[in-house]
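The primary structure of each chain is shown beneath.
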Amino acid sequence: MAEAADFQGMSPSPARRWLRRTGALFAGAPLLAGLLQLPAAAPSHAAGQDSLKAASGSETVDVAVDSLTPTVPGEDDTITVSGTVTNKGKETVTDAQVDLRLGGALNTRSAIDAVAGRTDYQQGLDGSPVGGKYVKEFAKLTPGVAQNFSISVPVDKLDLGGEGVYQFAVSLSGETSSQAWDHVLGIERTFLPWQPDGADTKTKTTVLWPLVSTSHMTAQTGSDESQTPVFRDDDLAKEISPGGRLQQLLSLGKDLDVTWVIDPDLLASVSAMTESYRVQGEGDTTTAGTHQGAANRWLSELQDAVQDKEVVALPFADPDLASLAHNGTNVTGSLSHLKEATDVASDTVESVLHVVPTTDFAWPVNGAVDPSIVKVATSAGADKVIARSDSLIETGGLPYTPSASRPIGGGTTAVVADARMSTVFQGNLTRASSSTLAVQRFLAQSLALNLQSDRQRSIVFAPQRMPSASEAQAMAAAVTALQGGSWSQPQELAAAATAKPDSGATTKVPSASRYPSSLRKQELPRAAFEQIASTQNKLDNFKVILSDPSRVVTPFGRAMNREMSTSWRGRSAEAADFRNGVEAYINSLAGQVTLIEKSEIKLSGRSATIPVTVQNNLVQGVEHLVLRLTSTSPRRLEIGGDSYYEQSVSVSGGHSQTVKFPTSAQANGQASVIAQLYTEDGQAYGQPVRFDVKVTEFTATVMLVIGGGFLLLVLAGFRMYTQRKRAAARDAEEDDSRETGAEEGGPENPEGPSDRLTPEDVLNEESRPEDGADAPEQASDPSTDTATESADPSGTGERVDR
C-alpha cells in the first residue's frame, strides 16, 4: 500500500518533519562526537570484523517475549517485559545478560514489515542497550534449559523522542567455549507505539468480529412432528462450551466496539441444539445430544452482546462466492441457491437474536476479488463487497493509505480492509510470545497509518473467518489497546462503506488472472455444483407428491446451502462426504414410495383385471401420483381398451394401495407389461416394474365344451331309441302272452306295474352322476377377478381367471 515515507521527498506534515529532524540531530550528536574521538590509525576493516563477531551465533539462544505491558505506554508508565531465554546450542553459555534495546522511529509501514522479517542480530539496526540496572544476568545457560526473565523500565528512562513507532528488542549476549567473547546470541524484536499526546486527527477504525463455524447439521430429521434434527458430529458443542473457540469469541467481543459478522447457519444450528437433537454415530445409528444447557447459555449471552450493536448477516451457511463464480455459474440452479441463502439470512438472525441485521454485504474469501466474484456477490442483492488491500492494490501513487470505501462501478462499493492489520493474527498464536508480537505489530501498523497524514480516514480490520481461541484472545487484546489509545476511534461497517472515498484510490477490480492460485486450488470444483443440481432435481421430483412438502424442502434446502459453504476450503474429502450423504438421503426417502414387484400372471378368458400395489413407507401421505400400466404387445393384450391405462394414486403414510386395471386378451400367448409411477406433470417417479401376462387358449376349450354337449345328446337319443325298441318288443311279447292266456282262460291284470320309460326318464338317468363322484365344474361357474391384495411380491404363476 502506498504511504508517505515510502516515496522520496514526501513527509506527513511540515511540523512533524521539523520535530523528527530536530530529534535526529540531537540523537546523532553523541554518535558524531564518538566518531571524532576514534583513533585515526584504526584499520578500516576492524569495525566489519567486530560486526561479524557480534552477529555470529545470534540465533543460538531463543528469546521469547511473553508479555509487554502496557502495550501502548504513556509518559508516566513503567514498561515491563517478561519472557524466557532458551539455549538451543550444544555449548553452555556463560556470563549471559538480557538487554532491552531501543531503536529509532520507523517512519513507514513497510519499514515495520522489514523489521518484523529480520531474524539475525544486525549491529547498528537493532538499537542500543538501555543498560544500567535494566538488565537480567545469568551465570550460565545450560543447553535445552529455559530461564525466565522480567525487566521493568520507566518510560522516561528510554529517552523516547516524538510520536511514532519505535523498534524495541530483547537480546541475550554471552560467551561460549568456541566463541570466547561477549556477543549477541539471540534477539527478539517487537514495536513500541508512542504517542504521548492525543492525535490531532483520529483514524476511524472498523473491527469485524466474525462468528462463523463449519457445517454441522445434516439434511436428516426425525419422523416426529417437531422433526428432530440430526448433526454430523458434536463438535459444535465443544466450540460453544466454556473455553471453546466460539465461546471465547463471544466472551471477548461483547466488551468491544465491533461489528458482529454472523453466519445464520451457526445460529440455526445452536438454536436447534437448545431442544432435542441427535448425533450421527457408526453406520446408520444416532445418539441423543446432551448439550442443551451450553447452547442455551451461549445464545442468551450472544443476544445480550449484540443489543445496540451492528450485526452483519452473511448468506446462510456462508457460501463460497469465489468457487461459485469460477466453477458454478454455468451449472443450472447454482445462483438460485445463493439467492435463497441471502433471503433466509435476515429471518434467521432476527428470529434467534431479536435484532434486524444488515444483509447487503458480501465477503469473499480473504477479500480476494475479480470481476466474476463481484458479479456473483451482487447477484443475490448485496451492493457492498468486503475486499482486501492485497487484492485491490493501490496503483495511484497516494502518499497514504486511503479510506476503505471505493466505488467500483454498477452501484457497487468495495469496502477494502487493510491487509497488514487484517493478516497479523493468522498462524499459531498459542505461545504467549507469538501473541504478544502480533498485538504490538498490529498497534504499530495502526499508529503508523494514522501518522501518514492529517487527513481523517476510515480503515477496516477484517480478520480470518474462523479465528482460533488463541487468535481471538490476541485480537481482543489488540483491539482493546487500540480503542483505549489516542489515535483511533471505533466506527461501524455501514459508516465505513458510506464514507467519502479518496479521489486517488484504486477502484479497478483486478482481472481473474490475478486471483491467487493458492486460493483457487481450494475452491469447490464444478462437479460439486453439478451434484448439488442433481440433488435439487431429485428434491423437486419428490416434493410434488407429498401432502406436506415443507417437511423436506426446508431441511434439504438448507443442506444444499451448506454444501456450498466456504468452510469446506481445504477439506475436499469431507465436503464430498457431506454432499454424498445429502444425495443418499433424498434417494432413500424417494425410494420409500415404490411399486411392489410382480411375477408372471396367467390370464384365462377374454377379459380380467390386473392388480398393481403401491407401497408408501413414508410418515406422511403421498398424492398427485399417476400409476400407468402399459402393454408392450397391445395386439395381444390391451389395457383399458388401449396400449396403456393410468389411474390417480393417493396413499396414506405407512400404507399401501392396490390399483386394478381392466385388460382384454386379443390372442393367445405371452405379453410384457410395464407398471410405472408418474407425477402429475408427467415426470417418471421411481423404477418401473415389469412382469409377463400369459393368455391361455380360450377357443379350443369352448369347442370341447360344445362337442361334449353334442355327444351327450347323441348318446341320449341312441339310448332312447334302444329303450323304445326293447319296450316295443316286450309289449308285443306281453300281448301275445295275454292273447294266449285269454285263449287259455288266464286272469287279466290291467293295473299292474309298467316297465315303460319316457324320454325324460332316459335323459335324467344319463345325466345322473355315479355314486361318490363330484359334479363336474362348468365353464360358466363364477370365479374371482383378482388375487387377494398383499404388499408381498406376487407368487410364481399368479393366475387371474375370468
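**Here we look at the overall build of the chain**
Looking only at helices and strands, the chain has 20 helices and 31 strands in total. The burial tally for the chain puts 46% of its 802 residues in the buried class. Once local pairs closer than 6 in sequence are excluded, the contacts in the chain between residues at least 24 apart make up 78%. Accessible area for the chain stands at about 38,500 Å²; split by element, carbon and sulfur atoms hold 49% of it.

**Regarding the sheet that holds strand E19 (residues 412-417)**
Taken together, the four strands give an open sheet; going across it, the order is E16-E17-E19-E18, and neighbouring strands pair in mixed fashion. Lying at the two open borders of the sheet, with one neighbouring strand each, are strand E16 (361-362) and strand E18 (405-409).

**A look at a negative patch on the surface**
On the surface, Glu 75, Asp 76, Asp 77, Asp 156, Asp 159 and Asp 197 cluster together into a negatively charged patch. The class of Asp 159 is exposed, set by a relative accessible area of 66%.

**A short note on a nonpolar patch on the surface**
Where nonpolar side chains cluster on the molecular surface, the patch consists of Leu 711, Leu 712 and Leu 715 and spans about 310 Å² of accessible area. As for its placement among the helices and strands, Leu 715 is situated in helix H19 (residues 698-744). On the basis of relative accessible area, Leu 715 is assigned to the partly exposed category, the value being 45%.

**Description of helix H7 (residues 292-305)**
In a regular helix each residue adds 1.5 Å, so 14 residues correspond to 20 Å; H7 covers 20 Å between its end C-alpha atoms and thus fits that length. Buried residues of H7: Ala 294, Ala 295, Trp 298, Leu 299, Leu 302 and Ala 305, and no others. All buried residues of H7 fall inside an arc of 125° around its axis, so they share one side. Residues of H7 that are exposed and point more than 90 degrees away from the buried face comprise Arg 297 and Asp 304. For H7, the elements touching its buried residues are strand E9 (203-211), helix H4 (235-240), helix H5 (245-253), strand E12 (259-262), helix H6 (264-273) and helix H9 (334-353).

**Quick word on the nonpolar core**
Of all hydrophobic cores here, the largest spans 76 residues; its most connected members are Phe 542, Phe 556, Leu 627 and Leu 629. Beyond its immediate sequence surroundings of up to four residues, Phe 556 is in contact with Ala 219, Leu 539, Val 582, Tyr 585, Ile 586 and Leu 589. Of all hydrophobic cores here, the second largest spans 66 residues; its members include Ala 237, Val 258, Tyr 277 and Val 349.

**What to know about the pattern of salt bridges**
Inspection of the entire model under this criterion finds 24 salt bridges. Note that Arg 465 is salt-bridged to Asp 318, the shortest N-O span being 2.6 Å. Of the two residues, Arg 465 sits in the loop between strand E20 (458-461) and helix H13 (469-484) while Asp 318 sits in the loop between strand E15 (311-313) and helix H8 (321-328), which places them 147 residues apart along the sequence. Taken individually, Arg 465 and Asp 318 each receive the classification buried, so the pair is uniform in this respect. Through salt bridges with shared partners, one network takes in Asp 113, Arg 420 and Arg 441.

**Structural notes on unusual backbone geometry**
Thr 69 connects to Pro 70 through a cis peptide bond whose omega is -10°. Its location among the elements puts Pro 70 in the loop between strand E1 (61-69) and strand E2 (78-87). The phi dihedral of Ala 317 is positive, around 75°, even though this residue is not glycine. Structurally, Ala 317 can be placed in the loop between E15 and H8. Residue His 624 is not a glycine yet carries a positive backbone phi of 60°.

**Comments concerning the sheet that holds strand E26 (residues 637-639)**
Strand order across the open sheet formed by four strands is E22-E24-E28-E26, with antiparallel pairing between neighbours. Each end of this open sheet is capped by a strand with a single partner; those strands are strand E22 (593-595) and E26. If you compare each strand with its neighbour and ignore which way they point, the axes differ by 30° on average. As judged from the three bridges shared by E26 and strand E28 (residues 656-665), these two strands associate in the antiparallel manner. Bridged to Glu 638 within E28 is Ser 664.

**Side note on the confidence of the model for the chain**
In this model, the chain carries an average pLDDT of 85, and 82% of its residues clear a pLDDT of 70 or more. This model gives residues 1-56 a pLDDT under 50, and the stretch forms 60 contacts once residues within four places in sequence are excluded. Scored below 50 in pLDDT, residues 742-797 shows 42 contacts in the model against residues more than four places distant or in partner chains.

**Some words on the side chain of Gln 676**
By secondary structure assignment, the location of Gln 676 is in strand E29 (residues 669-679). At 3.3 Å, the side chain of Gln 676 and the backbone oxygen of Gly 686 are in polar contact.

**Some remarks on the environment of Glu 597**
Within the fold, Glu 597 resides in the loop between E22 and strand E23 (601-603). According to the relative accessible area criterion, Glu 597 is partly exposed, its value standing at 46%. In sequence terms Glu 597 and Arg 690 are 93 residues apart; their C-alpha atoms lie 7.9 Å from each other.

The rules behind each value
Residues numbered from 1 in each chain as written. Predicted model: local features only at pLDDT ≥ 70, side-chain atom pairs only at ≥ 80, totals over all residues. Heavy atoms only, no water. Helix = DSSP H or I, 4+ residues; strand = E, 2+ residues; numbered from the N terminus. Buried < 20%, exposed > 50% of the residue type's maximum accessible area, 1.4 Å probe, protein only. Contact = heavy atoms within 4.5 Å. Areas by Shrake-Rupley, 256 points an atom, 1.4 Å probe, with all protein chains shown as cover. Pairing = 2+ DSSP bridges. Patch = residues over 30% accessible without salt bridge, like charges linked within 9 Å, V, L, I, M, F, W, Y side chains within 5 Å. Salt bridge = Lys/Arg side-chain N within 4 Å of Asp/Glu carboxyl O. Lys, Arg positive; Asp, Glu negative; His and termini not counted. Charge placed at Lys NZ, Arg CZ, Asp CG, Glu CD. Expected span 1.5 Å × (residues − 1). Arc of directions from axis to C-beta. Core = buried A, V, L, I, M, F, W, Y, C linked by side-chain atoms within 4.5 Å. Axes fitted to C-alpha atoms, helices over the stretch in contact; angles between N-to-C directions. pLDDT = per-residue confidence, 0-100. Polar contact = N/O pair within 3.5 Å; in protein donor to acceptor, adjacent residues only side chain to side chain.

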